[in-house]
Amino acid sequence: MQVVVLGISHQTASVEVREKLSFSERQLLPALSRLLDHPEILEAVILSTCNRTEIYAVTTDTESVHGMLERFWLTEKKQPLETLFQHAIKAGKQVRTDTNIGRGSVSVSSAAVELACKHLGDLRDRIVLIYGAGKMSSHTIKALFQRGAQHVYIVNRTLERAQEAAQRLGGEAISMEAGTLLHAVADVVICCTSAPHYLLRPDNYPSVPGKQRLLIDIAVPRNIDPALAELPGVHVLDLDGLEHVARSNRE
């Protein structure tokens, strides 16, 4: 038996490509079940994070399985097996052991807060809006308080999860509707949810002339419409934009 690995990461593909080929938490189990229906697959794992998506398969027939995994992945994500695949997919024969995923998440969160300080200065009087209440959000909230932030609002699809995060970490949990009302006044909005669509869009994020605002998207698929960067005073950063800072932090 051998292990076949097929994957992409921030080192081999841009966030535009990674979001097209990522699996949401809701999609993972059904996709894994369909993958295991293939008789040549003995065991399998699908790993999908903000920085990478990888499919691991145990098989006795590596040649046929490699091609089958390519077709399976692209069919699941409804992508053509042409230019996108050639630029996005990198096959691996060895499990990577030199990347600590947890540490990478912390670094990206710290990088997001570090850049917020560089763009806006002292965060003590700034209004910060966080979308998401998972691990990445927790790291980000901790980093915000370490850098002096005092006005942190946590928004989640489920208000109860936002309240749990606020109790553990600090900040104030608010509803999705309240979060939308803060779009005009928040100095920083950081998105790190598993939502498969944009949470901040031109129709719900108003233009405020004369105000400097920073939007940081550390989600895959992205939660912030890149078109918002065209608004006056609005800066949009995604994972690719944070990577050079994260790399420095890891060093």
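Right above here is the structure, for reference.
Attention here is on the structure that accompanies the text. (Residues numbered from 1 in each chain as written. Predicted model: local features only at pLDDT ≥ 70, side-chain atom pairs only at ≥ 80, totals over all residues. Heavy atoms only, no water.)

Observations regarding the overall build of the protein
Selection rule: The secondary structure listing takes helices from DSSP runs of H or I that are at least 4 residues long and strands from runs of E that are at least 2 residues long, numbered from the N terminus. Here, two residues are considered to be in contact whenever any of their heavy atoms come within 4.5 Å of each other. Residue burial considers only the protein chains on display, and all accessible areas are found by Shrake-Rupley using a 1.4 Å probe.
Scanning the protein from terminus to terminus reveals nine helices and ten strands. Considering only contacts in the protein between residues 6 or more positions apart, those separated by 24 or more positions represent 67%. Here the protein has roughly 12,600 Å² of accessible surface; of this, 50% comes from carbon and sulfur atoms.

Remarks on the pairing of strand β8 (residues 188-191)
Cut-off, in case you're wondering: A simple rule labels every residue: compare its accessible area, found with a 1.4 Å probe on the protein chains alone, to the largest value its type can have, and call it buried under 20%, exposed over 50%, or partly exposed in between. Two strands pair under a simple rule: DSSP has to find at least two bridges between them.
Side chains V188 and I190 of β8 all project onto a buried face; the interleaved residues V189 and C191 project onto the opposite face, where all are buried too. Alignment of strand β5 (residues 127-131) against β8, held across four bridges, turns out to be parallel. Considered in β8, the bridge of V128 is made with V188. The sheet contact formed by β8 and strand β9 (residues 213-217) spans four bridges and is parallel. If you follow I190 over to β9, its bridge partner there is I216.

Some points on the pattern of salt bridges
The condition is simple: The salt bridge criterion pairs a side-chain nitrogen of Lys or Arg with a carboxyl oxygen of Asp or Glu, the two atoms within 4 Å.
Considering all chains together, one arrives at ten salt bridges under this definition. Between R222 and E19 there is a salt bridge, with the nearest N and O atoms lying 2.8 Å from each other. Placement of the pair is R222 in the loop between β9 and β10 (234-237) and E19 in helix α1 (residues 15-21), with a sequence separation of 203 residues. No difference in accessibility class separates R222 from E19, as the two residues are buried. One salt bridge in this structure joins R34 and E76, with 2.8 Å as the shortest N-O distance. A residue pair is termed long-range when its members are at least 10 positions apart, and R34 in helix α2 (residues 25-36) and E76 in helix α3 (residues 62-76) qualify at 42 residues. For R34, a relative accessible area of 40% gives the class partly exposed.

Topic: helix α7 (residues 159-169)
Applied cut-off: This arc is built from the directions going out from the helix axis to the C-beta atoms.
Listed as buried for α7 are A162, A165, A166 and L169. Down the axis of α7, the buried side of the element spans an arc of 100°, and every buried residue falls inside it. What points out from α7, more than 90 degrees from its buried face, is the exposed set Q167 and R168. Where α7 is buried, its residues contact α6 (135-146), β6 (151-155) and β7 (172-174). Positive backbone phi, approximately 105°, marks G170, located one or two places after α7.

Section: the packing of α2 against α3
The condition is simple: Lines fitted to the C-alpha atoms define the axes, with helices restricted to the stretch that makes contact. Angles between their N-to-C directions range from 0 to 180 degrees. Note on convention: the crossing is left-handed when the near helix lies turned anticlockwise from the far helix by less than a right angle, right-handed when the turn is clockwise. Under the scheme applied here, ten amino acids are nonpolar (Ala, Val, Leu, Ile, Met, Phe, Trp, Tyr, Cys and Pro), four are charged (Asp, Glu, Lys and Arg), and all others, including Gly, are polar.
Axis separation between α2 and α3 bottoms out at 11 Å; the angle between their running directions is 145°. Our pair here, α2 against α3, has a crossing hand that is right-handed. The segment α2 lies against α3, with A31, R34 and L35 engaging M68, L69, F72 and E76. Grouping the amino acids of the contact of α2 with α3 by side-chain chemistry returns five nonpolar, no polar and two charged.

Focus: the sheet that holds β6
Reading across the sheet, the six strands line up as β7-β6-β5-β8-β9-β10 and stay open at both edges, with parallel pairing between neighbours. Each edge of the open sheet is held by one strand with a lone partner, namely β7 and β10. Averaged over all pairs of adjacent strands, the angle between their axes in this sheet comes to 20°, without regard to strand direction. Seen against the sheet, α6 touches β5, β6 and β8 and runs at an angle of roughly 165° to β5. Its contacts with the sheet place α7 against β6 and β7, and it is angled at close to 175° to β7.

Topic: the packing of aromatic side chains
Each aromatic ring pair is characterised by the separation of its centres together with the angle its planes make. Operational definition: Whether two aromatic rings pair depends on their centres lying within 6.5 Å, for rings of Phe, Tyr and Trp, where Trp uses its six-membered ring; planes under 30 degrees apart make the pair stacked, over 60 edge-to-face, and the rest tilted. Remark: a charge is flagged as sitting over a ring if the NZ atom of Lys or the CZ atom of Arg is within 6 Å of the ring centre and within 35 degrees of the ring normal.
Enumeration over the complete set of coordinates arrives at zero aromatic pairs. Seen from the ring of F23, K77 lies directly overhead, with NZ or CZ sitting 5.0 Å from the centre.

Structural notes on a positive patch on the surface
Just so we agree on the cut-off: Patches draw on residues past 30% relative accessible area with no salt bridge. Two like charges within 9 Å are joined, as are two nonpolar side chains (Val, Leu, Ile, Met, Phe, Trp, Tyr) within 5 Å. Note that His is not counted, nor are the chain ends; the positive residues are Lys and Arg, and the negative ones are Asp and Glu. Lysine's charge is taken at NZ, arginine's at CZ, aspartate's at CG and glutamate's at CD.
Judged by side-chain charge, R26, K142, R157, R161 and R168 come together as a positively charged surface patch. Along the chain, K142 falls in helix α6.

Some words on the environment of P39
You can see P39 is positioned in the loop between α2 and β2 (43-48). What makes P39 exposed here is its relative accessible area of 72%. For P39 and T59, which are 20 residues apart along the polypeptide, the C-alpha to C-alpha distance reads 9.4 Å.

With respect to the environment of F23
Among the secondary structure elements, F23 is positioned in the loop between α1 and α2. For F23 and E76, which are 53 residues apart along the polypeptide, the C-alpha to C-alpha distance reads 9.2 Å. When residues no more than four places from it in sequence are discounted, the contact partners of F23 are L28, A31, I46, S48, T53, W73, E76 and K77.

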